[in-house]
Amino acid sequence: MLRKILLAAGVAALSMSSAVSAQTVRIADVAELSGAGAAAGSVWHDGVVMGYDEVNAAGGILGQQVELQAYDSQTDPQNSRAMVQKAIDEGTYILMGTVYSSSTIVNMLVAQQNGMPQFTGSESPTITAQGNPYIFRTAFGAQKGLPKIGSYLADDLDVSKIAVVWANTEFGKGGYNAFLNVAEANGIEIVADIPTEQAQVDFAADVSQVASSGAEAVFVYLTEEESARFLLEADKQGLDMPLAGDTVLVSQKVIDLAGEAANGAFGHVGLSANAPIPAIAEVSARFEARFGYAPDHNALKGYIGAWTVKYVTEMVGELDREAFAETMHGLCLDAATYPGVLMDVCWDESGEISRASFLVEVVDGGQVITRTLPAN
Amino acid sequence: MTASPKYLLYIAMLVALVLAPLGQGNYIVYVLCSWLIFSVAAMGLNLTLGYAGQVSLAQAAFMGIGAYITALMTMAGYHWLLAMPFAILSCFGIGLILGYPALRVQHHFLAFVTLAFNTLVFLVLRNEEWLTGGSFGLVPIPRPDFFGFSTFKQVPFYYFALVCFLLAAGAMAWIVRSPWGRAFKALRENPIRANSLGLNTRLMTLLAFAIGSGFAGLAGAMMAPLVQFIEPGSFTLIHSLKILLMVVVGGSGFYYGPFLGAAIVVLLPELLRFTEGYYLIIYAAFVLVLMVFSPNGLIGLWQKLMDRFRTQQVERSDLKDGAQL
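Sequence order as written defines the numbering, with residues in each chain counted from 1. By the order in which they are written, chains take letters starting at A while ligands take numbers starting at 1. This being a predicted model, a pLDDT of at least 70 is required before a residue's local features are given, and a value of 80 or more before pairs of side-chain atoms are given or counted; all residues contribute to the totals for chains, interfaces and linings.

Trainee: So what's going on with the overall build of chain A? Which residues, and what values?
Mentor: Only DSSP runs of H or I covering at least 4 residues are called helices, and only runs of E covering at least 2 are called strands; the numbering of each starts at the N terminus. Along the backbone of chain A there are twelve helices and 15 strands. Its C-alpha radius of gyration of 22 Å places chain A within 12% of the 21 Å reference for a compact globule of 376 residues. Its C-alpha atoms put chain A at 90 × 40 × 40 Å along the principal axes. Considering chain A as a whole, with its 376 residues, one finds that 55% of them fall into the buried category. Placing a C-beta atom from the backbone of each residue, one calls two residues in contact when those atoms lie within 7 Å. Contacts in chain A between residues far apart in sequence, at least 24 positions, make up 67% of those at least 6 positions apart. Note that the radius of gyration is over C-alpha atoms, with the globule rule given as 2.2 Å times the number of residues to the power 0.38. With C-beta atoms placed from the backbone, a residue counts as buried when 20 or more other C-beta atoms lie within 10 Å of its own, as exposed when 12 or fewer do, and as partly exposed for counts between those limits.

Trainee: Please give an account of the nonpolar core that cites residues and values.
Mentor: Nonpolar cores are identified as sets of buried Ala, Val, Leu, Ile, Met, Phe, Trp, Tyr and Cys residues joined via C-beta atoms within 7 Å. Of all hydrophobic cores here, the largest spans 209 residues; its most connected members are I37, V40, A41 and A219 of chain B. In terms of residue count, helix α2 (residues 26-51) of chain B provides more of this core than any other element does, 18 residues in total. The domain limits used here are those given by an automatic or database domain assignment. Domain assignment of the residues forming this core places at least three in each of domain 1 (7-139 + 277-354) and domain 2 (143-269) of chain A.

Trainee: Break down the domain arrangement of chain A for me, with residues and values.
Mentor: Residues and elements named next belong to chain A. Under the domain assignment used here, chain A contains domain 1 (7-139 + 277-354) and domain 2 (143-269). The C-alpha-based centres of domain 1 and domain 2 are spaced at 30 Å. Each partner contributes residues to the interface: domain 1 has 16 residues there, and domain 2 has 16 residues. Elements with a minimum of two residues in the side of domain 1 that touches domain 2: α2 (38-57) and α4 (101-113). Three classes are used: nonpolar for Ala, Val, Leu, Ile, Met, Phe, Trp, Tyr, Cys and Pro, charged for Asp, Glu, Lys and Arg, and polar for all others, with Gly counted as polar. Here the side of domain 1 that touches domain 2 is built from residues that sort into nine nonpolar, five polar and two charged.

Trainee: Account for the environment of E90 of chain A, with residues named and values stated.
Mentor: Residues and elements named next belong to chain A. For E90, the position within the fold is in the loop between α3 (77-89) and β3 (95-96). As a C-alpha pair, E90 and A28 span 62 residues in sequence and 9.0 Å in three-dimensional space. Each residue touching E90, except ones within four places of it in the same chain, is listed here: R26 and Q69.

Trainee: I'd love a proper account of the interface of chain B and chain A, names of residues and values included.
Mentor: Contacts between the two partners involve 18 residues from chain B and, on the opposite side, 17 residues from chain A. The greatest single-element share of the side of chain B that touches chain A, amounting to four residues, is contributed by α2 of chain B. Each residue belonging to the side of chain B that touches chain A can be placed in one class, and the counts come to nine nonpolar, seven polar and two charged.

Trainee: Which residues make up unusual backbone geometry, and what values go with them?
Mentor: What is expected of a backbone is that most residues other than glycine have negative phi and most peptide bonds are trans. All names here are of chain A. Of note, the bond from G97 into T98 is cis; its omega dihedral lies within 30 degrees of zero at 0 degrees. Relative to the helices and strands, T98 resides in the loop between β3 and α4. With a phi angle near 55 degrees, T75 is a residue other than glycine that sits in the positive phi range. Mapped onto the elements, T75 comes out in the loop between β2 (65-72) and α3. Judged by local crowding, T75 falls into the buried class, with 27 C-beta atoms found within 10 Å.

Trainee: Requested: an account of the pairing of strand β10 (residues 266-269) of chain A, with residues and values cited.
Mentor: Residue and element names in this part refer to chain A. In β10, alternate side chains face the same way, and those of F266 and H268 on one face and G267 and V269 on the other are all buried. Here, a strand pair is defined by DSSP locating no fewer than two bridges between the strands. As judged from the three bridges shared by strand β9 (residues 243-246) and β10, these two strands associate in the parallel manner. Counterpart to A244 in the pairing with β10 is F266. Look down the strands so they point away from you; if going from the first strand over the helix to the second traces a clockwise path, that crossover is right-handed. Of the crossover connections in this fold, the one passing from β9 over helix α9 (residues 252-258) to the parallel β10 is right-handed. Two strands pair when backbone bridges link them, and β10 and strand β14 (residues 357-363) are joined in this way by four bridges, in the antiparallel orientation. What sits directly across from V269, in β14, is F358.

Trainee: Help me get a handle on the sheet that holds strand β13 (residues 353-354) of chain A, residues and values and all.
Mentor: Residue and element names in this part refer to chain A. A sheet is described by the order of its strands in space; here three strands give the open sequence β11-β12-β13, paired in antiparallel fashion. Strands with a single pairing partner mark the edges of an open sheet, and in this sheet they are β11 (332-333) and β13. Relative to strand β12 (residues 345-347), β11 runs antiparallel, the two sharing two bridges. For L333, the partnering residue across the bridge sits in β12 and is V345.

Trainee: Explain the packing of α2 of chain B against helix α7 (residues 154-177) of chain B to me, using residue names and the numbers behind them.
Mentor: All names here are of chain B. Geometry is summarised by axes, namely lines fitted to C-alpha atoms with helices restricted to the contacting stretch, and by angles between N-to-C directions that run from 0 to 180 degrees. Here α2 crosses α7 at 15 degrees, and the two axes come no closer than 9 Å. Here α2 is positioned roughly parallel relative to α7, judged by the angle of their axes. The handedness of the crossing between α2 and α7 comes out as left-handed. Within the contact between the two elements, α2 uses N26, V29, Y30, L32, C33, L36, I37, S39, V40, M43, L47 and Y51 and α7 uses Q154, V155, F157, Y158, A161, L162, F165, A168, A169, M172, I175 and V176. Residues belonging to the contact of α2 with α7 are distributed by class as follows: 21 nonpolar, three polar and no charged. Oblique is the label for any angle not under 35 degrees, not over 145, and not in the 65 to 115 range, which are roughly parallel, roughly antiparallel and roughly perpendicular in turn. Two helices crossing with the near one rotated counterclockwise from the far one by less than a right angle form a left-handed crossing, whereas a clockwise rotation gives a right-handed crossing.

In structure tokens:
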């Protein structure tokens, strides 16, 4: 008798668990939750978590709840590749992440081999230049953003000589190459070319080199922690010239880390929590209330990525990865019909994104939007 | 252990290695491949550190040299079987060239020299963009085919890595049991006595270092097609320290130490992943406790435990005084 009861209980438990799994869509987020990229990856992950929680609250995807699984890449490209493989083995429907370009360039190969659509937070130009039909950005690459800051430097600030401080990594090198083209196109001479290391802590020599270079402005293209350290050192040495950057330099994370030293820095951002868009302001407020800190562009990227997965899957009408990837190419989503994307957005055939963007300046520890630029 | 149970154990281990990937997901097979590759690199360092007693912090640099040579050659259309020996011989040669002046200094001084070499290799790999691809790395590195046997999928690649691993392990077993291996051990235990017995200590140390580097070259040649992407950041000092950790945790100077150490370093973080944010803390605490209580690593710890339970020879008390006379 006891055996029968146990057997019946076992069968019931099994059928219940399969019923639960049949009602969920598994989605993996492979992010930099530890290591040098944790400042960016953990914020991205929080954005993804909030996005899918809200998707679930709105009825999930095709009526099924999303089961989000986090994987830590440890900011190590090889480990990120292993984690993507693990996520695919464990039956993820779509892949979110990674943020660091040096990881994405590795793990997107595995996703491509498995026909897995992937939403990345990476901004290196090389990501969408690989001809991978499964990669989709959540913010545009540096090659699209930098011309905007280039023309601002040349036309508005009248800069003709500039110093460039850049991270000598896959991310930094991509942005640096793009900036060289922009500088040439705008007639700006590069008078100091300063590569730096990942996880570099001392920028004293770099700042003094900039100060003595005769530059009229400095363009800083570093990751979060290094950007903050550079700003602190520039403040300490009293570097008196415009500090320009693209997205990261003026991101909320950098402002939080650098404190008052970030004031005066300006740059171009694809996404900003301070953008004059009510939907972004509402999401930012909810994010801050939930996680206890202000979101930056990475949080918004993750959030938008989560909602895009819902919208596109429901357009396709089933959990079909091939059809999902095909639908994404050339797709435009307007924020009025699809409020989760926050701003009107389009993806081209390479997975590159097109969206309006902003010029911002850091004032009193916060981003102030100085201009809204149209999508290009 | 008598001969037959010993061979039975070897056969059981081999069967376990052959069966290991069956029925597993691609991720587990990938992790097993990583374990085999890092075991080969750690084996080489064990020869330098555990047998010859020299601390090298350049194992990842040699792995990088092997990986880049393999990647460049296979991407240029040469077969892996041609690229692999070239990678090993290059690392062996560079090991000799580096070791000859570097081994004038020993122990922690040698560690500093090899540390500088590792940094130098990283900078060359990153800055010589025309050859190495710089920060962008090299991609996509092809996986080799052997007479119609494609290693493109994960399980066939595992068997390819297993064959390389077994050949390397066999070569290492031969080296440590050969007169060279005994000379390496003599060198570690007492270099002055080894010298007085006619051993050319300089040559022996140099050979141990160069052979260890050659093993790293093989590991690099296996790593490049596994990941299919290499970049300078994968061969920095932190990775050399990781390989050093494998040797020390497993038990330096023990033949099976590197295999066990690589398994701990590669697999333990995976086993602890269910602890989520705490897994790196638990992992670090485990290594700390192990090093405090058993500096000889896990195999040293096992031997300590076995010695407690094994019957021991007790000195005759009536001979104690006699022995002192």
